[in-house]
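The primary structure of each chain is shown beneath.
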Amino acid sequence: MLLTRHAKERLIKRLAKRRKPERLYSKLWEFLGRSVRVEINERVVIFTDGRKSLVCAKLDCERLPLGEIKSRVEDITRPYECVFFDGRLARETVPEKFLEQVPDGVYCLYLNREKRSLYIGSEPPLLVITFRPAKKSERESYALSSRGTTRISPKGSS
């Protein structure tokens, strides 16, 4: 998961209480562990714990072996916000150094040079748009999740 500036500020205010990327992402992963995934449409996903909701947009990525990923980032010398989703690892560092901690394999790669962000994981990346209080339909979806229902329709209609 990658964060917009707005989402980062919302997460700091409502969840993490600190600005360090390691702390912010650890609190984000704790939230994801106790929340339900709700597919709104083919581009939007919401994670909710019944009280708060994380609104995300799906990003396009390339599936590449680790060696190819390393060759793509070897010319980057400035620090990037790097996220390795499978290892629950997030740091602001030079991507080449960050990739030394990633085990061999084939991963989804999302690299944004303009925003200086790098995502690597077995699942396609999500861009967190905002973190807000849950709407009524999202609270209901969370309550129904114990029965296996995790899909709600947009606008809260049944």
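All of the points below concern the structure found in this document. Predicted, not measured: the structure shown is a model, and the values here were computed from it.

### Remarks on the sheet that holds strand β5 (residues 62-65)
Taken together, 5 strands build an open sheet; the order of strands is β5-β8-β9-β6-β7 and the sheet is mixed. The open sheet is flanked by β5 and β7 (89-93), the only strands paired with a single partner. In this sheet, adjacent strand axes meet at a mean angle of 25° when their direction is disregarded. Taken together, the 5 bridges between strand β8 (residues 106-112) and strand β9 (residues 117-121) define a ladder with antiparallel strand orientation. Looking at the pairing, leucine 111 lines up with leucine 118 of β9. Most of the contacts of helix α2 (residues 21-33) go to β7, to which it runs at about 160°, and overall it touches β6 (80-84) and β7. The strands that helix α3 (residues 66-73) touches are β5, β8 and β9; relative to β5, the one it contacts most, it runs at about 105°.

### Concerning the sheet that holds strand β3 (residues 44-48)
Strand order in the open sheet made by the 5 strands is β1-β10-β4-β3-β2, with mixed pairing throughout. Here the strands that pair on one side only, and so sit at the sheet edges, are β1 (2-3) and β2 (36-39). Strand direction decides the pairing type here: β2 and β3, joined by 4 bridges, are antiparallel. Across the sheet, residue valine 36 finds its bridge partner in β3, namely threonine 48. Set on the sheet, α2 makes contact with β1, β3, β4 (52-58) and β10 (126-133); between it and β4 the angle comes to about 100°. With respect to the sheet, helix α5 (residues 136-144) is in contact with β2, β3, β4 and β10, its orientation differing from that of β3 by roughly 65°.

### Quick word on the pattern of salt bridges
The full count for this structure, using the stated rule, is 11 salt bridges. Notably, a salt bridge pairs lysine 8 with glutamate 81, separated by 2.7 Å at the nearest N-O pair. Pair noted here: lysine 8 is in helix α1 (residues 5-16) and glutamate 81 is in strand β6, with a separation of 73 residues, a long-range link. Of the residues examined, lysine 8 reaches a relative accessible area of 25% and is grouped as partly exposed. On the accessibility criterion, glutamate 81 (10% relative accessible area) is buried. Note that aspartate 75 is salt-bridged to arginine 113, the shortest N-O span being 3.8 Å. Taken together, the residues span a long stretch of sequence, with aspartate 75 in the loop between α3 and β6 and arginine 113 in the loop between β8 and β9 at a distance of 38 residues. On the basis of relative accessibility, which here comes to 43%, the residue arginine 113 falls in the partly exposed class. A network of salt bridges, in which partner residues are shared, links Arg34, Asp49 and Arg51.

Rules used throughout
Residues numbered from 1 in each chain as written. Predicted model: local features only at pLDDT ≥ 70, side-chain atom pairs only at ≥ 80, totals over all residues. Heavy atoms only, no water. Pairing = 2+ DSSP bridges. Helix = DSSP H or I, 4+ residues; strand = E, 2+ residues; numbered from the N terminus. Axes fitted to C-alpha atoms, helices over the stretch in contact; angles between N-to-C directions. Contact = heavy atoms within 4.5 Å. Salt bridge = Lys/Arg side-chain N within 4 Å of Asp/Glu carboxyl O. Buried < 20%, exposed > 50% of the residue type's maximum accessible area, 1.4 Å probe, protein only.

Geometric descriptors of this kind do not, in isolation, establish any biological role.
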